[in-house]
Amino acid sequence: MIEQPKPSALSEQIEELIDWLAEHGGGREEGVTRLLYDPAWRSAQRAIEAKMEEIGLLPRYDDAGNLFGRMAGRDPEARVVLTGSHVDTVTGGGKYDGAYGIVAALIAAEHLLAHHGAPLKPIEVVSLCEEEGSRFPMTYWGSGHITGVKKREDAAGIVDANGVPFEEAMREAGFGYGLHPEPKRGDLECFIELHIEQGQILEREGQSIGIVSHIVGQRRYDITVTGESNHAGTTPMRWRRDAMSTAAELIGVLMKRANADQTGLVATVGRMDVKPNVGNVIAREVTFSLDVRHEDSETIRAFCEECFKEFETIAAAQGTSVAIRKWMDEEPVAMDAELGAAAESILRQQNMAYRRMTSGAGHDSQVFGTFCPTALLFVPSRGGLSHSPAEFTETEDLERGVKLLIDLLYKLAY
Ligand code: HGY
Ligand code: MN
Ligand code: MN
């Protein structure tokens, strides 16, 4: 058994660092907002960079804005054991999604260095620049660059809700110029991500750790209905081409079909933009988001195809038109069985309650999972709440996750 930190010291350190990171874009009742390349994002990366130096890691950025803290290995030829998560959040999110994986990795690295010295294989802590797709219609920008599935030119033509071009935001934050090393890695041994479950299975079943066997596939769309704006008082119902009326019916179709599915498919309409968005004017244009997930990509495909067929009939009947833009399509990905077994053997030795499970949330591990051996490990979320200021995980659960990460990194790198 390796040397483990004293529980009270560890729990204090975890809580302190979670609150320390949450200050960057947080501190208000409406939760934490740290969006790719925005001021809160930059101050968070700078703070993490300083913390990496403080604990004896060598920090460096890549040209996408991922931040790495390296603990050199004694074997110069060895490949890197990478661990961390994403630093960005959803708008008004919690203080654990992504942040916990970074904080846990920093604490684990500091503990291992202090108690066991340099590892045989290099360990790197990574603060991935973006995962959520909250500012721009682009997800996994950080892990996507490291694995080569995303390139700088993929940002061309993309703007945020305020019309700020992606490339402009990237350059303003100091990235995308080629001043930092190219992001694509070829030296990774594996990737380990510690994350909150964002669901309530572990809590309901009284388990402390989830070992993820695979992550669901997901598709995200922007669906735009176009009609004609007109006077709300003088336009009889039969003469209207009301984009809002059509959009409401389309969303009804999505929800009816998703609720009728018995195989675990989920469909969400979370965002809607209305033009001109005035109470006494018939809407000329409505754009709404669609997020569909399932562990089988064929089920996702069939669900979307059937719904979109119905959309055409509804729009034709109302004299409106529908444009469907798919901007994300991720396959379900299996996590590495050997890494899962390594985590399992540690937990069995400690008699820790754990279970293997699927992840309904997308994660950077989904992108790494097809690139190098990857493990995704969960700790419970209170009430399953996430992407909300009410996101919370008990300190002892956070601590069990960090201790598992310490043991697993030791097993993999020393
Ligand atoms: O939306 C998700 O599944 C993740 O939190 N980005
Ligand atoms: Mn998230
Ligand atoms: Mn996350």
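Because the structure is a prediction, the values reported are computed rather than measured.

Enquirer: Talk me through helix H9 (residues 337-349); I want residue IDs and the actual numbers.
Expert: For H9, which comprises 13 residues, the first-to-last C-alpha distance of 18 Å matches the rise-based estimate of 18 Å (1.5 Å per residue) to within 8%. For H9, every residue scored as buried is listed here: Leu-339, Gly-340, Ala-342, Ala-343, Glu-344, Ile-346 and Leu-347. Summarising the contacts, the buried residues of H9 are in contact with strand S5 (188-196), strand S6 (209-215), strand S13 (354-359), strand S14 (374-379) and helix H11 (395-413). If you check the start of H9, you find a side-chain oxygen 3.2 Å away from the backbone N of Glu-338, and it comes from Asp-336. After H9 finishes, the residue Asn-351 shows a positive phi value of roughly 55 degrees.

Enquirer: Can you break down the coordination of the manganese ion (ligand 3) residue by residue, with the values?
Expert: Donor atoms from the polypeptide that coordinate the manganese ion (ligand 3) comprise His-86 (NE2), Asp-97 (OD) and His-195 (NE2), at 2.1 to 2.3 Å from the metal. Counting the intervening residues between successive donors of the manganese ion (ligand 3) yields the motif H-x10-D-x97-H.

Enquirer: Explain the pairing of strand S10 (residues 285-294) to me, and be specific about the residues and the numbers.
Expert: Within a regular beta strand, the side chains point alternately toward one face of the sheet and then the other, so they alternate between its two faces. Of all ten residues in S10, nine are buried; the element is thus mostly enclosed. Bridge count between strand S7 (residues 217-226) and S10: ten bridges; the pairing is antiparallel. Along S10, the bridge assignment pairs Arg-219 with Val-292. Bridge analysis of strand S8 (residues 266-268) against S10 gives three bridges, and the strand direction is antiparallel. Pairing of Val-266 across the sheet is with Arg-293, part of S10. Pairing geometry for strand S9 (residues 272-275) and S10, over four bridges, is antiparallel.

Enquirer: Talk me through the packing of H9 against H11; I want residue IDs and the actual numbers.
Expert: Orientation of H9 relative to H11, taken along the N-to-C sense of each, is 120 degrees, at an axis distance of 10 Å. The angle between the axes of H9 and H11 places the two elements in the oblique class. In this structure, H9 crosses over H11, and the sense of that crossing is right-handed. Residues Leu-339, Ala-342, Ala-343, Ser-345, Ile-346 and Leu-347 of H9 lie in contact with H11, whose contacting residues are Leu-404, Asp-407, Leu-408, Lys-411 and Leu-412.

Enquirer: Could you give an account of the side chain of Arg-219, with specific residues and numbers?
Expert: Within the secondary structure, Arg-219 sits in strand S7. At a separation of 2.8 Å, a polar atom in the side chain of Arg-219 contacts the side chain of Tyr-221. Every residue in contact with Arg-219, bar those within four places of it in the chain, is listed here: Leu-290, Asp-291, Val-292, Ile-300, Arg-301, Cys-304, Lys-326, Met-328 and Asp-329.

Enquirer: So what about the environment of Phe-303? Which residues, and what values?
Expert: Secondary-structure assignment places Phe-303 in helix H8 (residues 297-318). Along the chain, Phe-303 and Ser-127 lie 176 residues apart, while their C-alpha atoms are 35 Å from each other. Sequence-distant contacts of Phe-303, defined by excluding residues within four places in its chain, comprise Leu-254, Arg-257, Ala-258, Leu-265, Ala-267 and Val-292.

Enquirer: Mind laying out the coordination of the manganese ion (ligand 2), listing which residues take part and the relevant values?
Expert: Surrounding the manganese ion (ligand 2) are the protein donor atoms Asp-97 (OD), Glu-132 (OE), Glu-132 (OE) and His-387 (NE2), which sit 2.0 to 2.8 Å from the metal. Each donor residue of the manganese ion (ligand 2) belongs to the same chain, with the gaps between them written as D-x34-E-x254-H. A gap of 3.5 Å separates the manganese ion (ligand 2) and the manganese ion (ligand 3), which Asp-97 links by coordinating each metal. With Glu-132 in the loop between strand S4 (123-128) and helix H4 (141-147) and His-387 in the loop between S14 and H11, this residue pair connects regions lying 255 residues apart in the sequence.

Enquirer: Give a description of the nonpolar core that names residues and reports values.
Expert: Counting residues in hydrophobic clusters, the biggest one holds 72 residues, and the most contacted among them are Tyr-37, Ile-48, Tyr-100, Leu-106, Trp-141, Phe-166 and Ile-192. With eleven residues, helix H3 (residues 99-116) is the largest single contributor of residues to this core. Not counting chain neighbours up to four residues away, the residues in contact with Ile-192 comprise Leu-82, Thr-83, Gly-84, Leu-339, Ala-375, Leu-377, Leu-405, Leu-408 and Leu-412. Leu-265, Ala-267, Leu-290 and Cys-307 belong to the second-largest nonpolar core, a separate cluster that totals 25 residues.

Criteria and cut-off values
Residues numbered from 1 in each chain as written. Chains lettered and ligands numbered in written order. Predicted model: local features only at pLDDT ≥ 70, side-chain atom pairs only at ≥ 80, totals over all residues. Heavy atoms only, no water. Helix = DSSP H or I, 4+ residues; strand = E, 2+ residues; numbered from the N terminus. Expected span 1.5 Å × (residues − 1). Buried < 20%, exposed > 50% of the residue type's maximum accessible area, 1.4 Å probe, protein only. Contact = heavy atoms within 4.5 Å. Polar contact = N/O pair within 3.5 Å; in protein donor to acceptor, adjacent residues only side chain to side chain. Donors = N, O, S within 2.8 Å, 3.2 Å for Na, K, Ca; no water. Pairing = 2+ DSSP bridges. Axes fitted to C-alpha atoms, helices over the stretch in contact; angles between N-to-C directions. Parallel < 35°, antiparallel > 145°, perpendicular 65-115°, else oblique. Left-handed = near helix turned anticlockwise from the far one by under 90°. Core = buried A, V, L, I, M, F, W, Y, C linked by side-chain atoms within 4.5 Å.

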